[in-house]
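# Residue-level structural notes
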Amino acid sequence: MPDRVRPLRKKSASISNISTENYSRGLHFPRLFTTPDVNLFDTVDWTIRTASIVNENGAVIFEQKNVEAPVSWSDLAVNVVASRYFRGKMGSQEREAGVKTLLLRVVDTITTWGKDQGYFAADDDAESFHDELLYLLLHQMASFNSPVWFNVGVEERPQCSACFILDVEDTMESILNWYTQEGMIFKGGSGSGINVSKLRSSRESLSGGGTASGPISFMKAADASAGVIKSGGKTRRAAKMVILNVDHPDIVEFINCKASEERKAQVLIRAGYDSSLNGAAYSTIAFQNANHSVRVSDDFMDAVVNNEKWRTKCVVSGANADIYDARDLFRKIAQAAHLCGDPGMQFDTTINNMHTCPETGPIEGSNPCSEYMHVNNSACNLASLRLTKFLSGESFAVADFRHAVEILITAQDIIIDKASYPTKAIAKNSSQLRALGLGYADLGALLMSLGLGYDSDEGRTWASGITALMTGSAYIQSTKLAAARGPFKEFRRNREPMLKVIRAHRKNARDLLSEKLPEELQTSIGDVWDKALALGEQHGFANCQVSVLPPTGTIAFMMDCDTTGVEPEIALVKYKKLSGGGRLKIINKTVEKALKRLNYSPVVIQRILEGIEKTGTIEGIKDLVPEHLHIFDCAFKPLNGSRYIGPEGHVRMLAAIQPFISGAISKTVNLPSDVTVEQVEGIFMLAWRLGLKSIAVYRDGCKLVQPIDLGGPEQKTSPIRKRLPVDCKSERHKFQIAGQKGYLHVGFYEDGRVGEIFIRMAKEGSTISGLMDTIATLTSIALQYGVPLEALVNKFSHTRFEPSGFTSNPKLPIAKSLIDYIFRYLGLEFLSKEGQEAAGLTPLDEKSSNRELPSPIENGDSAIGDGHAFNAQSDAPACADCGAIMVRNGSCYKCVNCGWGNGCS
């Protein structure tokens, strides 16, 4: 916890212990973090810095000098905030010059809005609310979603919600309105989702004669529109979700539409077209701006399990259309997701069983990242807490956390009626339903700091407990808001369904109390849900929902989080680029905290950290107790190790958290490249059986986006070629791929660097032989002109074309092409471990198994398998702003260099 300046307090002074009976004229806000008449900015140290972002070529793409920021904020946090959130034209007097200005713009505006709407019982309460909220933001304990930072205090009626769910009817007017509404949402820095199942299929008739176009054709137009609109005007790419129900007649076309486009892109790339995210290959194919999900019911999933038939239904008449084997449709979904990452799955029955407002309408859609799920024509503003900021010594600061929840929920509720919305229908539902999305980040770092494995029963129990505490505390605050201002307008007609959902949450919380949690946390979990139900029955709720778990992309950088959303740690060793060139190896700072908690001595801790720095992994370090090894498992497999969190570990963590979230959870389950379609089926089946509301997967290497472009600005001086000496050392390697035999000769400079290669195929005079000779010559010339080997390996690894298949090399058992094999071989044999990591290589664990696994349908949870490690960046796109290689973040991407993101928050 950061140092605080605040008066001593008794435990009873917590805002959660104040009776709602006194709130009829506004809410009371006692101080917990701050002191009256003390300027909060005077309690922290400040520094003046230059905020700058440099692209991959070393060119400065953003720079603002004399930026005032807290000393405790990292350079990355300051760079992201200055470039993304500071308002005003650069160089003008109106340009925001520091973190103080930014925070006050937002906090002052929200507090003024709260006073105008009668939220506070007295002026003192408004002042304490202001200071407490400012404290949370200043100390990076919490953050609002990006649209709040973009727009609040800048526009009179700002767009503040990150998440929108639209509706479309089966008329041309409604379809065109859909395009317009999405454009306005993207322009304001937000994302939207839509279920297009109301549009008649391509095999149904029009009233005026002829056949309908079908939803897929209209999706293409919407996708093209999204592709030319940058979210927030300049800072983020548009984010959208498109959903189709599994009983729609066009469901097969929908399932395959992105996979078909991916095949087109692969053909174009192999023909020589630019493979970057904005290059000629991907920019000319459809559906690249949207996530796709198939909406399935329990009836469909039961039909899959029981190997039954499935009938699609005409939209207009309701008559039966095509009949499929349910397992065949399920397999098609898994095959498409295996090929290109889409579609995901949304489980309709589970979603609507926990719907707080079924009398208002069913839940049919979601936002782009699938964490906000509610009725059509609705919106949700998000905020997130940084969990590691609430670690207090050996325990979790329960009272502080509950107080922070109450402050944020109030701030989010204040925003609702002062924000703008793209349509009257969304504005009406936002006011009448008042959906809020409070979430958190840094879960992975928190668990490791506590000495708990992410993929462990103890880790899942802690995650469940903290989530239950957050949502229960948020609902209590919602009852206080209801006591002061009345419940949300749709509450009366949805009273019993909502109380049923609250009771379900409460039962889940009580079931959790039998697990091992600190006594204060256990007591508080039971207390908040008992109180939430009792006060909800008495006063109702001000909000139809209070919590979701978004991916926390850009705001995670603002809060200096080690991990985003519900994600685990990525790796124990990370690299930081230095402004003067080169990279600095950084050992994950959470490791030392965990070792201290596990009572390792300072001397032993230092030896372990040195061992990690030397090898890149904690595996094999003798000082570490073997029983502690799982605590340090990360999302990605280390170069010199074999341990990582498998797909099932991610799914089971989501299942542990979902019972305590009002909405859903944004997360993509990352898969290794060699995972099978059957294993993807297993993940989808396990997600449904464990009660998740949605699931998405992404297989490493399933897209041909190339992360590095060797092209660059023209050099003022001519490059110099350094040829190899007449006599040089060399090595010969014999290989065989899918029956094609060949030899690779590698020549070396005096210092051991690779300087040339020769490739000879068994069938001399063939086309393959000629092409490989040409590639060897081009590679040799590139090496002799100074192109780093890791750049060539990074560029040409995972290139796909025939011949491909099994090889004669046990270190590289499968190759996607001759080029893929040769360059991965060069990388593994002649690059250092650091060079391999820079080249995006993750060598296979020779001890791991590629055994065939049983069917996920008959054998349930056991069919996911382990596979091999997921490579964070092997096919990630380049950042549209700075050119750095991005990484997956929930269902979206984030840039760790400049903070650019294309998803929620």
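These lines cover the structure that appears in this document, whether it is placed above or below. Source: prediction; values computed, not measured. (Residues numbered from 1 in each chain as written. Predicted model: local features only at pLDDT ≥ 70, side-chain atom pairs only at ≥ 80, totals over all residues. Heavy atoms only, no water.)

### Describing the pairing of strand β23 (residues 754-761)
Rule in force here: For every residue, the accessible area (1.4 Å probe, protein chains only) is compared with the maximum for its type, and the residue is labelled buried under 20%, exposed over 50%, or partly exposed between those bounds. Numbering of helices and strands runs from the N terminus; a helix is a DSSP stretch of H or I covering at least four residues, while a strand is a stretch of E covering at least two. Two strands form a pair only when DSSP identifies at least two bridges running between them.
Buried residues dominate β23, accounting for 6 of its 8 residues. Of the strand pairs in this sheet, strand β22 (residues 740-748) and β23 are connected by 7 bridges, and their pairing is antiparallel. Paired with Val746 across the bridge in β23 is Ile757.

### Concerning the packing of aromatic side chains
In plain terms, the rule: Note on aromatic contacts: the rings of Phe and Tyr and the six-membered ring of Trp form a pair at centre separations within 6.5 Å, being stacked when their planes are under 30 degrees apart, edge-to-face when over 60 apart, and tilted otherwise. Over a ring means this: the NZ of a Lys or the CZ of an Arg is within 6 Å of the ring centre and within 35 degrees of the ring normal.
Within the structure shown, the criterion is met by 22 aromatic pairs. Aromatic pair Phe120 and Phe129: ring centres 5.2 Å apart, planes at 45°, arrangement tilted. Three or more aromatic residues link up through ring pairs in this structure, and these residues are Tyr475, Phe488, Phe491, Trp529 and Phe541. The residue whose ring lies beneath Lys100 is Trp46, and the NZ or CZ to ring-centre distance is 4.7 Å. Here Arg485 stacks its cationic end above the ring of Tyr119, 3.9 Å away from the centre of that ring.

### Side note on the packing of helix α21 (residues 647-657) against helix α22 (residues 677-689)
When two helices pack together, their arrangement is captured by the angle between the axes and the distance separating the axes. Note the threshold: Each axis is a line fitted through C-alpha atoms, taken for helices only over the stretch in contact, and angles between the N-to-C directions span 0 to 180 degrees. Between 65 and 115 degrees an angle is taken as roughly perpendicular, under 35 as roughly parallel, over 145 as roughly antiparallel, and anywhere else as oblique. Handedness of a crossing is defined here by the sense of rotation of the near helix relative to the far one, left-handed for an anticlockwise turn of less than a right angle and right-handed for a clockwise turn. Any two residues whose heavy atoms approach within 4.5 Å at even a single point are treated as in contact. Under the convention adopted here, Pro, Cys and the residues Ala, Val, Leu, Ile, Met, Phe, Trp and Tyr are nonpolar, Asp, Glu, Lys and Arg are charged, and Gly plus all remaining residues are polar.
Between α21 and α22, whose axes approach to 10 Å, the crossing angle comes to 20°. Put simply, α21 runs roughly parallel to α22. The crossing of α21 and α22 is right-handed. Note on element contacts: α22 touches α21 through Ile683, Leu686 and Ala687, opposite Pro647, Glu648, Val651 and Arg652. Split into classes, the residues belonging to the contact of α21 with α22 amount to 5 nonpolar, no polar and 2 charged.

### A look at the nonpolar core
Here is the rule we go by: Put simply, a nonpolar core is a bunch of buried Ala, Val, Leu, Ile, Met, Phe, Trp, Tyr and Cys residues held in one set by side-chain atoms that sit within 4.5 Å of each other.
Formed by 204 residues in total, the largest nonpolar core has its most connected members in Phe144, Trp178, Leu385 and Ile695. Considering every element that reaches this core, the biggest residue donor is helix α15 (residues 457-485), with 12 residues. When residues no more than four places from it in sequence are discounted, the contact partners of Trp178 are Leu166, Val168, Ile194, Val196, Leu199, Phe218, Met219 and Ala222. Grouped together as the second largest cluster of nonpolar side chains are 27 residues, Met772, Leu783, Leu789 and Leu792 included.

### Re the pattern of salt bridges
Note the cut-off: Here a salt bridge means any side-chain nitrogen of Lys or Arg lying within 4 Å of a carboxyl oxygen belonging to Asp or Glu.
With the rule as written, the count across this model stands at 37 salt bridges. The residue Asp530 makes a salt bridge to Arg510 at a minimum N-O spacing of 3.1 Å. In this pair, Asp530 is assigned in helix α17 (residues 519-539) and Arg510 in helix α16 (residues 495-512), connecting sequence segments 20 residues apart. Residue class for Asp530 comes out partly exposed when judged on its relative accessible area of 31%. Take Arg510: its relative accessible area is 44%, and that puts it in the partly exposed class. A single salt-bridge network, built from bridges that share partners, covers Asp167, Glu169 and Lys198.

These figures capture arrangement, not role.
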